[in-house]
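# Observations on the three-dimensional arrangement
Here is what each chain is made of, one letter per residue.
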Amino acid sequence: VWAQVLQFTSNSYIWAYWGNMGVTSAPAVYTTNGATWDSTFAGVWHLSSSNAAGNFPDSTASGRAATNNSTTGVAGQIGNARAFNGEQWLGMSSLSITGQITASAWVYSGNFNQDGFIIGKNPVNNQWELFFQADSGGILKWRGGGSENTVFCSKPSNSAWHLVAGEQTNVNGSLYMDGALAATGTSSAMGNGSGPLEIGRYGGGTPGFYFSGYIDEVRIENVVRSSNWLWSCFMNQASNSTFNVSG
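Nothing here was measured: the structure is a model prediction, and the numbers come from that model.

## Re the overall build of the protein
Looking only at helices and strands, the protein has two helices and 15 strands in total. Put simply, the protein has 247 residues, and 44% of those count as buried. Excluding contacts between residues fewer than 6 apart, the proportion of contacts in the protein whose partners are at least 24 apart in sequence is 60%.

## Remarks on unusual backbone geometry
Across residues other than glycine, the phi torsion is negative in most instances, and most of the peptide bonds are trans. The amide bond that connects Asn-122 to the next residue, Pro-123, takes the cis arrangement and shows omega of 0 degrees. By secondary structure assignment, the location of Pro-123 is in the loop between strand S7 (116-121) and strand S8 (128-133). Not every positive phi belongs to a glycine, and Ser-159 is a case in point at roughly 60 degrees. With respect to the element layout, Ser-159 can be found in the loop between strand S10 (150-154) and strand S11 (161-169).

## Concerning the packing of aromatic side chains
Scanning the model with the defined rule gives 14 aromatic pairs in all. Ring centres of Phe-131 and Phe-209 lie 6.2 Å apart, and the angle between their planes is 75 degrees; this geometry places the pair in the edge-to-face category. On the criterion of sequence distance, the pair formed by Phe-131 in strand S8 and Phe-209 in the loop between strand S14 (197-199) and strand S15 (212-221) is long-range, its members being 78 residues apart. Taken individually, Phe-131 and Phe-209 each receive the classification buried, so the pair is uniform in this respect. Measuring from centroid to centroid gives 6.2 Å for Phe-132 and Phe-211, while their planes differ by 25 degrees, and the two rings are stacked. Residue Phe-132 is located in strand S8, and its partner Phe-211 is located in the loop between S14 and S15; the two are separated by 79 residues in the primary sequence. For Phe-132, a relative accessible area of 0% translates into the label buried. Assessed through its relative accessible area of 0%, Phe-211 is described here as buried. Clustering of aromatic rings is evident, with ring pairs tying together Phe-117, Phe-131, Tyr-202 and Phe-209. Positioned above the aromatic ring of Phe-41, the side-chain terminus of Arg-225 is 4.9 Å from the ring centre. The residue whose ring lies beneath Arg-225 is Trp-229, and the NZ or CZ to ring-centre distance is 4.1 Å.

Calculation criteria
Here the residue index of a chain counts from 1 through its sequence in written order. Per-residue local features are limited, in this predicted model, to residues with pLDDT of at least 70; the limit for side-chain atom pairs, both in listing and counting, is 80 or more; totals at the level of whole chains, interfaces and linings are taken over all residues. Only heavy atoms go into the side-chain values, all of them from the structure, while hydrogens and water stay out. Labels follow the DSSP assignment, with helices taken as runs of H or I lasting at least four residues and strands as runs of E lasting at least two, numbered in each case from the N terminus. For every residue, the accessible area (1.4 Å probe, protein chains only) is compared with the maximum for its type, and the residue is labelled buried under 20%, exposed over 50%, or partly exposed between those bounds. By definition in these notes, contact holds between two residues if any of their heavy atoms fall within 4.5 Å. Working definition: a ring pair exists when centres of Phe, Tyr or Trp rings (six-membered ring for Trp) sit within 6.5 Å. Plane angles under 30 degrees give stacked, over 60 give edge-to-face, the rest tilted. A positively charged side chain is recorded as over a ring if its NZ (Lys) or CZ (Arg) lies within 6 Å of the ring centre. The angle to the ring normal must also be within 35 degrees.

Such coordinate-based values are descriptive only and should not be taken to indicate function.
In structure tokens, the structure reads:
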């Protein structure tokens, strides 16, 4: 549960009630517009279940469903995820983002030392993308609008779930792994063409950098999130029992 509180005064509290139908003294429930994801979220794909058409809904107001291309279901970090095992991917319609971006996903693989795309916008090398590359023992890369400038760090440990995120403001790029800053550097300015988005590969060439492993909870945001925000996302989703104490 995410709660936005505009102001705290002295001795203020946030109360959460669930699982007790006998509660009679709980305060009234208040909402604003009922939206879980505000306008800073350009796309959120939980990848837990498909709609009637067999596609995976975008939970934001954008409604940009991900078309399934042979991926299969598997237990994920948050509910279910999708398995990518060679030539499977998910495709979405184009998305306009300029200036700032945060792209993140939970990933799992028995071998992260691979050429595999997590999420990106086509055509490759002139829009933006987050991917693994089989180089120097395996690296995670963020790239903006040109192949000459990338931000990279060493791959995470194999056979475990990891939250990876790439960010960019103008030409300043950053990589986060499991809620911690992993690398910063210069990245070419992002393109903003009309090409489609893809999860699990890029569609502009051969072999297509198909990802081998599992992907869960993909998010694209049109802002650069703070280090505290990304740490909170990781802790909230990976280790909620230590991040949040209830009683």
